[in-house]
Amino acid sequence: MNKPYPHLVPDPGHGTRERGKSLYISAQDGLRLHVREYGTRASPGMPVVCLPGLARSVADFDALAPALAAGPPERHVIAIDSRGRGQSDHDADHTNYNCMTELGDIVSVLFSLGVGPAVFVGSSRGGVLTMLLGAAHPISIAAVVLHDVGPVHECKGMARIKSYLGKIPHPHTYEEGAEMLRGLMREQFPKLTWAQWLGAAQRTWHFKHGALQPAYDLGIARALAGVDIDRPMPPLWHEFDALAGVPMLVIRGANSDLLSAETVAAMRARRADMDIIEVADQGHAPMLEGELVRQIVGFVDKCEHAAERAPATNPNH
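Definitions and limits used
Residues numbered from 1 in each chain as written. Predicted model: local features only at pLDDT ≥ 70, side-chain atom pairs only at ≥ 80, totals over all residues. Heavy atoms only, no water. Core = buried A, V, L, I, M, F, W, Y, C linked by side-chain atoms within 4.5 Å. Buried < 20%, exposed > 50% of the residue type's maximum accessible area, 1.4 Å probe, protein only. Contact = heavy atoms within 4.5 Å. Salt bridge = Lys/Arg side-chain N within 4 Å of Asp/Glu carboxyl O. Axes fitted to C-alpha atoms, helices over the stretch in contact; angles between N-to-C directions. Helix = DSSP H or I, 4+ residues; strand = E, 2+ residues; numbered from the N terminus. Parallel < 35°, antiparallel > 145°, perpendicular 65-115°, else oblique. Nonpolar A, V, L, I, M, F, W, Y, C, P; charged D, E, K, R; others polar.

Peer 1: Help me understand the nonpolar core in this model?
Peer 2: Grouped burial of nonpolar side chains is what soluble globular proteins tend to show. V49 and I78 are the most contacted members of the largest nonpolar core, which totals 38 residues. Setting aside residues no more than four positions away along its own chain, V49 makes contact with I78, I80, L110, V115, A118, V119, F120 and V121. Core analysis: the next-biggest nonpolar cluster, separate from the first, contains 28 residues, L64, I251, L292 and V297 among them.

Peer 1: Help me understand the pattern of salt bridges in this model?
Peer 2: Oppositely charged side chains are able to pair whenever their charged atoms sit close together. Taken as a whole, this structure holds 20 salt bridges when the rule is applied. The closest approach of N and O atoms between E37 and R41, which form a salt bridge, is 3.0 Å. Three or more residues joined by partner-sharing salt bridges are found here, namely D29, R83, D91 and D105.

Peer 1: Can you walk me through the packing of helix α2 (residues 99-113) against helix α3 (residues 125-136) in this structure?
Peer 2: A pair of packed helices can be characterised by two numbers: the angle between their axes and the separation between those axes. Direction vectors running N to C along α2 and α3 enclose 70 degrees, while the axes themselves pass 10 Å from each other. Judged by the angle between their axes, α2 and α3 are roughly perpendicular. Along the contact surface, α2 presents C99, M100, E102, L103, I106, V107 and L110, while α3 presents R125, V128, L129, L132, L133 and A136. Within the contact of α2 with α3, the residues separate by chemical class into 11 nonpolar, no polar and 2 charged.

Peer 1: What is the right way to read the side chain of T130 from this model?
Peer 2: Looking at where T130 falls in the secondary structure, it is placed in helix α3. Classification of T130 as buried rests on a relative accessible area of 0%. Those residues in contact with T130 that sit more than four places away from it in its chain are L51, F120, G122, I141 and V144.

Peer 1: Hey, could you run me through the environment of W205 in this one?
Peer 2: If you trace the backbone, W205 turns up in strand β7 (residues 205-208). When the C-alpha positions of W205 and A55 are compared, they lie 11 Å apart, and in sequence the two are 150 residues distant. Setting aside residues no more than four positions away along its own chain, W205 makes contact with I168, P169, P171, Y174, G177, M180, L181, L212, Q213, P214 and A215.

Quick look at the structure:
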């Protein structure tokens, strides 16, 4: 029997339907990228692509991705570990940890898996990559969820991330890691339970060579070190406007220091039909669990129904 994707290598350790399965895909420069896949490519619903944040991994979508895949209708959902994150290979050249290279990686994954127009859930940097993709390959995107990210990045939030990325001591246990995270971020997340802090630690570090290590390459911190925090990043209004033709949901943590309420208001002024969710008592970026998962699934359901109605009103289809 011929294998349609001979360069995809399933990971036997992630074979259950709930956890999805792991695939490994070659980037344009040969680096191996990890993708967590839920559902099947034959699923009838709209496909969904989940993109994590700067130093985050597909583990952030462990609750959302299966909920989206389950439907109804069932959907093909993929979550992509950017190079140097999660289970993707590290890059020997830390200067390759940039949005243009990572955008090329996403295009490689979409092409390899035959993913057509999809709903993109972009968390922080993943949302930046989604906006860039909308400008470069608009046909790839059917709808967008921007998770605590917009066209303008606040310098305060960037400075906070730069202050700790790659600098936190490696914990000996997940419990110790949970305490570290709570001490670092409780101002933004004042009401998280111990179980939530522990879960955050399990997504931030993973066991490697018998010890807990960051779930990202420390070269990412070296790449970020070259960014001048005192100079605002160029705004992405052109890229944001490139998504004008697709449904959009913007999620903001009420305590976020990266996506301001003023930026969300400016986004709404350009897009009156944009859906907005503000998550109380959470900062950057709100945890993708519980009620927020249900709301995102509801948004995708709404996009699904709109797409089903569209052919009836379009004589070209």
